[in-house]
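Here is what each chain is made of, one letter per residue.
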Amino acid sequence: MRTDLFVNNEWRPAQSGRRFPVENPATEEILAEVAEGDAADVDAAVTAARACFDSDAWKAVSGRARSRMLSRAADLLESRLEEFARLETAHNGKTLFESKIELTMTVQTLRYYAGWADKITGDTLPSDGPFLIYTLREPVGVVGAIVPWNFPLNIASWKFAPALAAGCTVVLKPASETPLTALLFGEIAIEAGFPPGAFNVVPGGGATAGAALVRHPGVDKISFTGSTEVGRGIMREAAGSNKRLTLELGGKSPNIVFADADLTAAARGVQTGIFYGKGEVCAAGSRLLVERGAHDELIALLAAGAQKLTPGDPLQKTTRLGALVSKKQQQTVLRYIEQGKTEGATLVAGGRAVQPQGKGYFVEATVFDAVTPAMTIAREEIFGPVLAVLTFDDVDHGIQLANDTIYGLAAGIWTRDIQKAHRTARAVRAGTVWINTYNFYDPGAAFGGFKASGFGRDLGRDALDGYLETKTVWVGL
């Protein structure tokens, strides 16, 4: 386990000497004391990243060489997948089953952008005059990546993989709750051949290390995944230096089930959409919008499914509902559950904190029925295993409810009518729409939000474009 900052291909203590505890939320045990970076450490990491980016050595690294490095990193991570997955589970509380899925996608993301690294090209443009006009795609520079605790290394790879493929250098600020896999990845970066300064990791608080990264004049771009409130603060701070921004923010995503849907399949998809990852998922389908004619049958299926989804030891192969990431997050989720009761929603499953091992920050899979659009649990992002069920009467009413939110990250649609499915997909304001499925991701499929869910994209070619500048060159003939 690595617990010091990773800067310039070296592990080093924080300059202040401070360290902070990282807890296992399933057992309440302290896993490690990690170096706590602050502005001075961020400055050292940015200086290393800038020196690397500006060096002739990094400029001479071809796209094919960067491709080989990323491919090598993917191979190395794959060979250590069990180790990384267990560490991810230990500091996040998610099940080992989920950690392995997410680390496998991290490997796939590295390979996807390895494939892009030597295919970044400009264009030759037609001209009315005696000119040759062409464009160059050049790396934006030093990238500050600030990532959350819910998918620690996976979301980090959504940022550093395209950034490195584009020829940028990176300073990664992982969440304080879950810094361990990012720090361990430093071993892979070295072995994969990335030069000193190309990839750096500085754990620390959002108000200290995170803010310092956003403010630093040597950082050209910030890519952030987290809450809408923090994203707005980053926009304000970044304005002073005109930093480029990619912001993937909060969500209150609707899962829309029409009466003509396969309700057994829909119930499974709805359950996955809200209970995978303990509901600590930006795109969680936390609002179930069910057409009135299907309501009773679907609620019965969901209540039965939630009761079977019992929290347990995240390291056990059969466990499908792990611990929330921290006591603070557990308390937040429980407050929302009490507010749902107070405001008149009907609790049909779950709703309690439990300790299957005598310790830990677990909450049962929870389903509320008879939710109205004005209720807090229908409007605010809970980030826990809590489903709010609303009923609609027809297609237009369902679309209206789906769009009745400040967010626009994702949505699900369940129907056997393909025309209805496509009509609804076009009408819903969301960056990702799943039809007769939910919560699937692919490195080649762009992911990001509309409205208060942010702007810019992770994954796919769109993400790569966010780490590139376009230069136009005119040549007189």
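Draft legend 1. Highlighting the sheet that holds strand β12 (residues 254–257). Ordered in space as β14-β17-β18-β13-β12-β20-β21, the seven strands form an open sheet in which the pairing is mixed. Looking at which strands have only one partner, the edges of the open sheet turn out to be β14 (346–349) and β21 (432–435). Between one strand axis and the next, the sheet turns by 25° as a mean value, whatever way the strands run. As defined by bridge partners, β12 adjoins strand β20 (residues 410–414) across three bridges and the pair is classed as parallel.

Draft legend 2. Seen up close, the packing of helix α14 (residues 395–402) against helix α15 (residues 418–427). Axis separation between α14 and α15 bottoms out at 10 Å; the angle between their running directions is 30°. If you check the angle between α14 and α15, you find them roughly parallel. Our pair here, α14 against α15, has a crossing hand that is right-handed. Note on element contacts: α15 touches α14 through Lys420, Arg423, Thr424 and Ala427, opposite Val395, Asp396 and Ile399. Classifying every residue of the contact of α14 with α15 gives three nonpolar, one polar and three charged.

Draft legend 3. Geometry of the sheet that holds strand β24 (residues 468–476). Pairing in this open sheet of three strands is antiparallel, and the strands run β5-β6-β24 from one edge to the other. Unpaired on one side and paired on the other, β5 (124–125) and β24 mark the two borders of the sheet. The sheet contact formed by β5 and strand β6 (residues 131–139) spans two bridges and is antiparallel. Paired with Thr124 across the bridge in β6 is Tyr134.

Draft legend 4. Molecular detail of empty space enclosed by the protein. Counted by the stated rule, this structure contains four cavities of 30 Å³ or more. Computed from the structure, the largest cavity encloses a volume of approximately 60 Å³. What lines the largest cavity is a set of 13 residues, among which Gly279, Ala284, Ser286, Glu381 and Phe383 lie closest to the centre. Its volume calculated, the second largest cavity comes out at about 50 Å³. Surrounding the second largest cavity, 14 residues form its lining, Pro254, Thr405, Tyr407, Gly408 and Arg429 being those nearest its centre. Among the residues making up the lining of the second largest cavity, the classes are represented as seven nonpolar, four polar and three charged.

Draft legend 5. Fine view of the packing of helix α3 (residues 63–79) against helix α6 (residues 152–166). Axis separation between α3 and α6 bottoms out at 9 Å; the angle between their running directions is 160°. Between α3 and α6, the angle falls in the class roughly antiparallel. As for the relative orientation of α3 and α6, their crossing is right-handed in sense. Each of Arg66, Leu70 and Leu77 in α3 lies in contact with α6, whose residues at this interface are Leu153, Ala161, Leu164, Ala165 and Ala166.

Rules and cut-offs
Residues numbered from 1 in each chain as written. Predicted model: local features only at pLDDT ≥ 70, side-chain atom pairs only at ≥ 80, totals over all residues. Heavy atoms only, no water. Pairing = 2+ DSSP bridges. Helix = DSSP H or I, 4+ residues; strand = E, 2+ residues; numbered from the N terminus. Axes fitted to C-alpha atoms, helices over the stretch in contact; angles between N-to-C directions. Parallel < 35°, antiparallel > 145°, perpendicular 65-115°, else oblique. Left-handed = near helix turned anticlockwise from the far one by under 90°. Contact = heavy atoms within 4.5 Å. Nonpolar A, V, L, I, M, F, W, Y, C, P; charged D, E, K, R; others polar. 1 Å grid on protein atoms, 1.4 Å probe; cavity = no way out; pocket = protein on both sides within 12 Å on 5 of 7 lines; lining within 4 Å. Points joined across faces, edges and corners; volume = space filled by probe spheres on them.

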